[in-house]
Amino acid sequence: MKAVLNTLGKTIGTIGNKFVNRFRKELSQQNHIASGTLSNTMHFTVKSKKNELDLIIQSKADYIREVNEGQKPFNWNLSEIMDWMDDRIKMAIIKSFLAILKTEKEWQLILLER
């Protein structure tokens, strides 16, 4: 019985990790990563009940439900929008810088090989 429970635990862990990775991939494909908090803190937990197990995907980002389900219109806060825009710009700059470093490193390797 212990071996069956170990196998079940590993299988549930594999499934949970696949869900988390697919959600992260979807966020990235939809270009929905600004600060990275939602994606970087995403994880899963398993809760057992009498006759069932619940696999729950969570994040420390308090806005995960809004991203997933959308939200009704509301009066927005301009400073929060400006902060969000700053995060997006910072992430774009970091990605551009990393792309430049990768390209420069590749050129250095090519030159070293000659």
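Residues numbered from 1 in each chain as written. Predicted model: local features only at pLDDT ≥ 70, side-chain atom pairs only at ≥ 80, totals over all residues. Heavy atoms only, no water.

Broken down by element type, the protein carries 4 helices and 2 strands. Counting helices and strands in the order they occur from the N terminus, the protein gives α-α-β-β-α-α. Whereas a compact globule of 114 residues would reach a radius of gyration of roughly 13 Å, the protein reaches 20 Å, over 25% beyond that. If one aligns the C-alpha atoms of the protein with their principal axes, the spans along those axes are about 60 × 55 × 15 Å. Within the protein, the fraction of its 114 residues that count as buried is 11%. Accessible surface, the protein: about 10,000 Å² in total, of which carbon and sulfur atoms supply 58%. Charged side chains of the protein number 18 positive and 13 negative; the gap between the two group centres comes to 10 Å. (Helix = DSSP H or I, 4+ residues; strand = E, 2+ residues; numbered from the N terminus. Rg over C-alpha atoms; globule rule 2.2 N^0.38 Å. Buried < 20%, exposed > 50% of the residue type's maximum accessible area, 1.4 Å probe, protein only. Areas by Shrake-Rupley, 256 points an atom, 1.4 Å probe, with all protein chains shown as cover. Lys, Arg positive; Asp, Glu negative; His and termini not counted. Charge placed at Lys NZ, Arg CZ, Asp CG, Glu CD.)

Together, Met1, Val4, Leu5, Leu8, Ile15, Phe19, Phe23, Val46, Leu53 and Leu55 line one region of the surface with nonpolar side chains, adding up to about 910 Å² of accessible area. No other element matches helix α1 (residues 2-29), which puts 6 residues into the nonpolar patch. Relative to the elements of secondary structure, leucine 53 occurs in strand β2 (residues 53-58). (Patch = residues over 30% accessible without salt bridge, like charges linked within 9 Å, V, L, I, M, F, W, Y side chains within 5 Å. Salt bridge = Lys/Arg side-chain N within 4 Å of Asp/Glu carboxyl O.)

This part takes up the environment of leucine 38. With respect to the helices, strands and loops of the structure, leucine 38 is situated in helix α2 (residues 37-40). For leucine 38 and serine 59, which are 21 residues apart along the polypeptide, the C-alpha to C-alpha distance reads 6.0 Å. Residues within four places of leucine 38 in sequence aside, it is in contact with Leu27, Ser59, Ala61, Tyr63, Ile64 and Val67. (Contact = heavy atoms within 4.5 Å.)

Right, let's talk about the pairing of β2 for a bit. Examined bridge by bridge, strand β1 (residues 43-48) and β2 share 6 bridges and lie antiparallel to one another. Paired with threonine 45 across the bridge in β2 is isoleucine 56. The turn joining β1 and β2, which pair antiparallel and follow one another in sequence, is formed by 4 residues. (Pairing = 2+ DSSP bridges.)

Here we take up α1. For α1, spanning 28 residues, the distance from its first C-alpha to its last is 40 Å, which sits close to the expected 40 Å at 1.5 Å a residue. Turning to α1, its buried residues number three or more, namely Ile12, Gly13, Gly16, Val20 and Leu27. (Expected span 1.5 Å × (residues − 1).)

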